[in-house]
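# Coordinate analysis (summary)
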Amino acid sequence: MEIKLRLEEEKDYRLIEELTREAFWNVHFPGCGEHLLVHKLRKADEFVKGLDFVALYDNKIAGNIVYAKAKVKDNGKEHTVLTFGPVSVLPEYQNRGIGSKLINHTVKLSKEMGYKAIIIYGYPEYYKKFGFTASKEKEITNSEKKYPAALLVLELYPNALNGIKGVFDEGAIYEINEKELEEFDKEFDKKEKTVTKSQEKFMETATKFL
Ligand SMILES: CC(C)(COP(=O)(O)OP(=O)(O)OC[C@H]1O[C@@H](n2cnc3c(N)ncnc32)[C@H](O)[C@@H]1OP(=O)(O)O)[C@@H](O)C(=O)NCCC(=O)NCCS
């Protein structure tokens with residue numbers, strides 16, 4: 001089966017939100033908020049339209065990746081970097097290389113666009129194959145000046161972050177408001193919120209510091 005990528009179009013928006021919800025439901029905590037995040041990101045100033053890709057598997061939409069501009073704040077100076085997420089693949093299409101293709105393609109485009117780096121929160125084991133390393137190596141912290149194990153950095157050209165260190169700020173857009181989520185979720189099919197094993201792994205990763 002062939003995996004094809006193309007830019008997301010407005011006609012895909014609702015389907016991609018449903019897909020995102022399917023991919024993340026009960027994965028990190030009971031329910032999920034990533035479909036609201038995608039919904040809001042597209043309207044935000046930080047949104048990078050040229051990196052918003054959908055993946056088609058056998059001509060059916062099976063995955064999506066969304067990028068936003070973020071900042072590294074260094075003693076009053078602000079450096080623009082990219083962040084991505086959510087990256088979503090429908091459960092029935094996972095482990096077929098779709099996520100990898102979406103990431104590899106958009107990383108390549110990000111380089112061509114001239115960005116310095118991509119900084120994300122994610123599973124270190126999954127993202128190391130794309131070249132992401134712990135943010136601690138680059139002295140980039142979270143807002144509490146700590147080094148979360150899940151904070152990962154990919155320089156997009158050699159020494160791109162030389163002389164740049166500080167606090168990673170992904171922007172308020174990534175904060176999910178519970179009330180807003182509850183309302184937004186009513187627009188989708190009812191799904192049961194449950195406790196799962198993957199939530200344990202998520203909590204373990206999210207609470208680990210280097
Ligand atoms: C994570 C995700 C985008 C990967 O997409 P995918 O198309 O399944 O990934 P690929 O087929 O390219 O890669 C699969 C490989 O990644 C590994 N992998 C997937 N999720 C992983 C995770 N959370 N941690 C470590 N490895 C992971 C698989 O075990 C598999 O390993 P293998 O190649 O050694 O067999 C997809 O599984 C997904 O949407 N998951 C739910 C939402 C999510 O967690 N998104 C990422 C948030 S950080």
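The text that follows walks through the structure, step by step, so that each part is easy to find.

About the criteria used
- Numbering of residues starts from 1 in every chain and runs along the sequence as written.
- With pLDDT at 70 or above as the cut-off, local features in this predicted model cover only qualifying residues; side-chain atom pairs require 80 or more to be listed or tallied, and sums for whole chains, interfaces and linings still use all residues.
- Only the C-beta atom, placed from the backbone, is used; a residue is near a molecule or strand if that atom lies within 6 Å of it.
- A run of H or I in DSSP becomes a helix once it reaches four residues, and a run of E becomes a strand once it reaches two; helices and strands are each numbered from the N terminus.
- Only Asp, Glu, Lys and Arg are considered charged in this grouping, and only Ala, Val, Leu, Ile, Met, Phe, Trp, Tyr, Cys and Pro are considered nonpolar; every other residue, Gly among them, is considered polar.
- What a helix is expected to span follows from its residue count: subtract one and scale by 1.5 Å.
- Backbone-placed C-beta atoms define the burial measure: a residue is buried with 20 or more other C-beta atoms within 10 Å of its own, exposed with 12 or fewer, and partly exposed in between.
- In this description, any two residues whose backbone-derived C-beta atoms lie within 7 Å of each other are considered to be in contact.
- Any two strands with at least two DSSP-identified bridges between them are counted as paired.
- Each axis is a line fitted through C-alpha atoms, taken for helices only over the stretch in contact, and angles between the N-to-C directions span 0 to 180 degrees.
- Should an angle fall under 35 degrees it is taken as roughly parallel, and over 145 as roughly antiparallel, whereas 65 to 115 is taken as roughly perpendicular and any remaining angle as oblique.
- Put simply, a crossing is left-handed when the front helix is turned counterclockwise from the back one by less than a right angle, and right-handed when it is turned clockwise.

## Here we look at the site of the ligand
Close to the ligand lie 17 residues; Gln94, Gly99, Ser100, Tyr123 and Tyr126 are nearest. If you list the elements that add at least two residues to the shell around the ligand, you get helix H1 (13-24), strand S4 (77-89), helix H3 (98-112) and helix H4 (124-127). Residues of the shell around the ligand, tallied by class, amount to eight nonpolar, seven polar and two charged.

## Considering H1
With 12 residues, H1 ought to run about 16 Å at 1.5 Å a step, and its terminal C-alpha atoms sit 17 Å apart, in line with that. What H1 keeps buried is the set Ile16, Glu17, Leu19, Thr20, Arg21, Ala23 and Phe24. The secondary structure elements touched by the buried residues of H1 are helix H2 (34-41), strand S2 (53-57), strand S3 (60-74) and S4. Two residues or fewer past H1, Asn26 is found with a positive phi of approximately 65°.

## Regarding the pairing of strand S1 (residues 3-7)
The buried count for S1 comes to zero of five residues, which makes it a mostly uncovered element. Where S1 lies against S2, five bridges are found, and the strand directions are antiparallel. By the bridge assignment for S2, Ile3 is matched with Tyr57.

## A short note on the packing of H1 against H2
Following both chains from N to C, one finds H1 and H2 inclined at 150°, their axes separated by 8 Å at the closest point. Classed by the angle they form, the pair H1 and H2 counts as roughly antiparallel. The hand of the H1/H2 crossing is right-handed. Of the residues in H2, those touching H1 at Ile16, Glu17, Thr20, Arg21 and Phe24 are Glu34, His35, Val38 and His39.

## As for the environment of Glu17
Inspection of the secondary structure puts Glu17 in helix H1. A sequence separation of 58 residues divides Glu17 from Asn75, and the C-alpha atoms of the two residues are 37 Å apart. When near neighbours in sequence (up to four residues on either side) are disregarded, Glu17 contacts His35, Val38 and His39.

## A few points about unusual backbone geometry
Residues Gly85 and Pro86 are joined by a peptide bond in cis, for which omega reads 0°. Note that Pro86 resides in strand S4. Residues other than glycine seldom take positive phi values, yet Asn26 does so here, at roughly 65°. With respect to the helices and strands, Asn26 occurs in the loop between H1 and H2. On the neighbour-count criterion, Asn26 (16 C-beta atoms within 10 Å) is partly exposed. Residues other than glycine seldom take positive phi values, yet Asn95 does so here, at roughly 65°. A tally of 8 C-beta atoms within 10 Å means that Asn95 is categorised as exposed.

So far we have only geometry, and geometry alone does not tell us how the molecule works.
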